[in-house]
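Architecture at a glance
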Amino acid sequence: MALPSSQPVTSLVCGDGGRLSRGSSRQCSHPGDRVKGSGTWTRRPVIALPAGTHPAQPGCSMTLWDGVLPFYPQPRHAAGLSVPLLIVILVFLVLAASFLLILPGIRGHSRWFWLVRVLLSLFIGAEIVAAHFSAEWSVGSVSTKTSYKAFSVERVRAHVGLHVGLEGVNITLTGTPVQQLNETIDYNEQFVWRVGQNYAGAYTEALEKGLPYPVLYLAEKFTPSSPCGVYRQYRLAGHYASATLWVAFCFWLLSNMLLSMPVPHYGGLALLTTGAFALFSVFAFASISSVPLCQLRLGSSELTTHYGAAFWITLATGVLCLLLGAAVLSLHYARPSALRLFLEGSVKDLESPAKGSSPLVLSNPLHKQFRASDLTISTNL
């Protein structure tokens, strides 16, 4: 419906660059639409507002947040710590904090035995589970000046990182400085090859999103169709290492239960098995070292990888479990009474045999031992 020529038409700028005509149904028109005024149709210029500024009229605001326009690109933020890894760390920290709260209720010097025993056990369990979700098994980084987009002459100075885990790879790209080419260069992209995930599909999505060239270049090296041919080796090594770590975690739970029962030698055997499977996971991942990795060249620099923190900590945990299991078995056959008292945390009873007191005798309650003095009956008249 046309407006009377005597009624002026006022063009208002909306959040998306359109206009609102007074007297209409308060709908923002598209950029470049014609408006009739004074009996003729004229095309009014479109005024675009910069991101982060308020529209000209509060009634035409298209957002519920102050100063944020939803149809304009917002500042991006790189991913932080892995959520599963963060959950594992928080769970074991809560268990450790709960034990420290009840620690003052344990009397005497035995509290220090319980402190070492419980915290050491929690460390072993936390490391086994956290290593499964960590991306620090094989790492590499380089600072270089490289292309930012494919088929572009624009170059940026950035720090590129490659983090290989049991379930995939993480690729980081951080500009130095972060703000370059009117963009925020801070990326942390994950490409997963676990069971049920499609690594090639994730790489295709990254191509469609137009991720920076360094990220796509490193991710392409691990695709199944890459000439490098490392996808199958890394994927199988990660699967075997992950499976052996979960078996080690199950035996760690079993060792804690057995060491709390009067069968410490079985607890020692469970600790030995825990250490063995932890070492098996390390050897499974180390098997990929025989596969030469393609040359990773970014700009004028070359990125090389080496074993990361998760690899070495898992190796140390496996050796620690072997030593603890061997110590428990040795004490069981050499000094079973000392092992029993140590597991119970009784320092007073542990020191008593050294002072000349009678040794501890573990007897079967079904066959009571009687001494000669027990058979003597005396009567006082």
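As a reminder, the structure under discussion sits directly above these lines.
Numbering of residues begins from 1 in every chain and follows the order in which that chain's sequence is written. pLDDT decides what is reported in this predicted model: residues at 70 or higher carry local features, side-chain atom pairs at 80 or more are listed and counted, and totals for whole chains, interfaces and linings draw on all residues regardless. As a rule here, side-chain values cover all heavy atoms of the structure and leave hydrogens and water aside.

A short note on the pairing of strand β5 (residues 138-147)
For clarity, the cut-off: Between buried and exposed lies partly exposed: a residue is buried under 20% and exposed over 50% of the maximum accessible area for its type, with that area taken using a 1.4 Å probe on protein chains only. Here a strand is any run of E in DSSP of at least two residues, a helix any run of H or I of at least four, and the numbering for each starts at the N terminus. Only strands that DSSP links by at least two bridges are regarded as paired with each other.
Within β5, seven of the 10 residues are buried, which leaves the element mostly enclosed by the surrounding structure. As paired strands, β5 and strand β6 (residues 155-164) are joined by 10 bridges and run antiparallel to one another. By the bridge assignment for β6, Gly140 is matched with Leu162. Two strands pair when backbone bridges link them, and β5 and strand β11 (residues 306-307) are joined in this way by two bridges, in the antiparallel orientation. Bridge pairing in β11 places Val139 opposite His306.

Observations regarding the nonpolar core
Nonpolar side chains tend to gather and get buried jointly when the protein is soluble and globular. This is how the line gets drawn: Nonpolar cores are built from buried Ala, Val, Leu, Ile, Met, Phe, Trp, Tyr and Cys residues. Side-chain atoms within 4.5 Å join them into one set. Two residues qualify as a contact provided that any one of their heavy atoms is within 4.5 Å of a heavy atom in the partner residue.
Counting residues in hydrophobic clusters, the biggest one holds 58 residues, and the most contacted among them are Trp137, Val164, Phe191, Trp193, Tyr199, Phe222 and Leu303. The leading source of residues in this core is helix α5 (residues 231-259), at eight residues. Setting aside anything within four residues of it in sequence, one finds Val164 in contact with Ala135, Glu136, Trp137, Ser138, Val169, Trp193, Phe222, Tyr234 and Phe285. Membership of the second largest hydrophobic core comes to five residues, among which are Leu271, Val328, Leu339 and Leu343.

What to know about the pairing of β6
Summarising burial for β6: seven of the 10 residues are buried, a large majority. If you look at the hairpin formed by β6 and strand β7 (residues 168-180), you'll find three residues sitting between the two strands.

Quick notes on unusual backbone geometry
For the bond from Thr176 to Pro177, the omega torsion is 5 degrees, close enough to zero to count as cis. The residue Pro177 is located in strand β7 in this model. One non-glycine residue, Leu181, lies in the positive phi region at around 55 degrees. As for its position among the elements, Leu181 is in the loop between β7 and β8 (183-192).

Description of the environment of Leu324
Its location among the elements puts Leu324 in helix α7 (residues 309-334). Among the residues examined, Leu324 registers a relative accessible area of 26% and is labelled partly exposed. Separated by 52 residues in the primary sequence, Leu324 and Leu272 have C-alpha atoms spaced 7.7 Å apart. Residues in contact with Leu324, not counting those within four places in the same chain, are Leu120, Ile124 and Leu271.

A closer look at the packing of aromatic side chains
Under the convention used in this document: Put simply, two rings from Phe, Tyr or Trp (the six-membered ring, in Trp's case) pair if the centres are within 6.5 Å, and we call them stacked under 30 degrees between planes, edge-to-face over 60, tilted for the rest.
Under the counting rule described, the total for this entry stands at 19 aromatic pairs. Arranged with centres 6.3 Å apart and planes meeting at 45 degrees, the rings of Trp193 and Tyr234 form a pair that is tilted. Here Tyr234 lies in helix α5 and Trp193 lies in the loop between β8 and α3 (199-209), a separation of 41 residues in the sequence. Residues Trp193 and Tyr234 agree in their burial class; the two are buried. Taking the centre distance of 5.1 Å and the plane angle of 90 degrees together, the rings of Phe311 and Trp312 count as edge-to-face. Among the residues examined, Phe311 registers a relative accessible area of 4% and is labelled buried. Feature note: the residues Phe191, Trp193, Tyr199, Phe222, Tyr231 and Tyr234 constitute an aromatic cluster, connected by ring pairs.

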